[in-house]
Amino acid sequence: TFAKESPPKLEEALTMIKNSAFDQFASGDTAGMNTKRSPLLLEKAQNSIQYLAFLANYELLFDTALGMYDFDLAKAVARNSQMDPKVYLPMLKRWRNLPYAEAKYEVDVRLKRYDSALKNLVQLGQDETESSEVAG
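This text gives an overview of the structure that appears in the document. Values in this document were obtained by computation on a predicted structure and should not be read as measured data.

Thoughts on the overall build of the chain
Right, so step 1: Of the regular secondary structure elements, the chain holds 7 helices and 0 strands.
Right, so step 2: Reading the helices (α) and strands (β) of the chain from amino to carboxyl end gives α-α-α-α-α-α-α.
Right, so step 3: Counting all 136 residues of the chain, 35% fall into the buried class.
Right, so step 4: Look at the contacts in the chain between residues 6 or more apart in sequence, and 50% of them connect residues 24 or more apart.

As structure tokens, this is what we get:
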């Protein structure tokens, strides 16, 4: 029902899917799944993402997951779409390997959320200053 609201509450819907997948994983209900893989790859989560995409387009879902700074969720959404893995996998991998504030900054720039990007850039500078003071 989140996706049917005006405006759609996609972040809430994706959060519900993620929480349900992690609850299912924690309960041990992982039939037919390699337990080293993400709970978001469980059939129920994949089906939920596909249904949500039926109600809202994949690009909007992907951008919503990115805006949550949840790269595993963004990957699960992209995996169910027609997105080219050669495009999204390196991008997600790069962001996972960056300091968190820098990854948030880059995501915000991609999503054109410049106020948030600026805040994350300031946070990145503060984090670097603190780490240099600790090391020094």
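Overview of helix α6 (residues 100-110)
Right, so step 1: Buried within α6 we find Ala101, Ala103, Lys104, Val107 and Asp108. Buried residues of α6, viewed axially, fall in a sector of 160 degrees; they line one side.
Right, so step 2: Of the residues trailing α6, Lys112 is marked for its positive phi of about 60 degrees.

Here's the deal with the nonpolar core
Right, so step 1: Phe62, Leu66 and Trp95 are the most contacted members of the largest nonpolar core, which totals 29 residues.
Right, so step 2: Elements that contribute at least two residues to this core include exactly α1 (10-26), α2 (43-55), α3 (58-67), α4 (71-79), α5 (85-96) and α6.
Right, so step 3: Contact partners of Leu66, with chain neighbours within four places excluded, come to Phe71, Ala74, Leu92, Trp95, Val107, Arg110 and Leu111.

Some remarks on the pattern of salt bridges
Two side chains carrying opposite charge are able to pair once their charged atoms lie near each other.
Right, so step 1: Within the structure shown, the criterion is met by 5 salt bridges.
Right, so step 2: Residues Asp72 and Arg96 are paired through a salt bridge, measuring 2.7 Å at the closest nitrogen-oxygen approach. A residue pair is termed long-range when its members are at least 10 positions apart, and Asp72 in helix α4 and Arg96 in helix α5 qualify at 24 residues.
Right, so step 3: Across the salt bridge formed by Asp108 and Arg113, the nearest N and O atoms sit 2.7 Å from each other.
Right, so step 4: What makes Arg113 partly exposed here is its relative accessible area of 31%.

What counts as what
Residues numbered from 1 in each chain as written. Predicted model: local features only at pLDDT ≥ 70, side-chain atom pairs only at ≥ 80, totals over all residues. Heavy atoms only, no water. Helix = DSSP H or I, 4+ residues; strand = E, 2+ residues; numbered from the N terminus. Buried < 20%, exposed > 50% of the residue type's maximum accessible area, 1.4 Å probe, protein only. Contact = heavy atoms within 4.5 Å. Arc of directions from axis to C-beta. Core = buried A, V, L, I, M, F, W, Y, C linked by side-chain atoms within 4.5 Å. Salt bridge = Lys/Arg side-chain N within 4 Å of Asp/Glu carboxyl O.

Shape descriptors only; they carry no functional weight alone.
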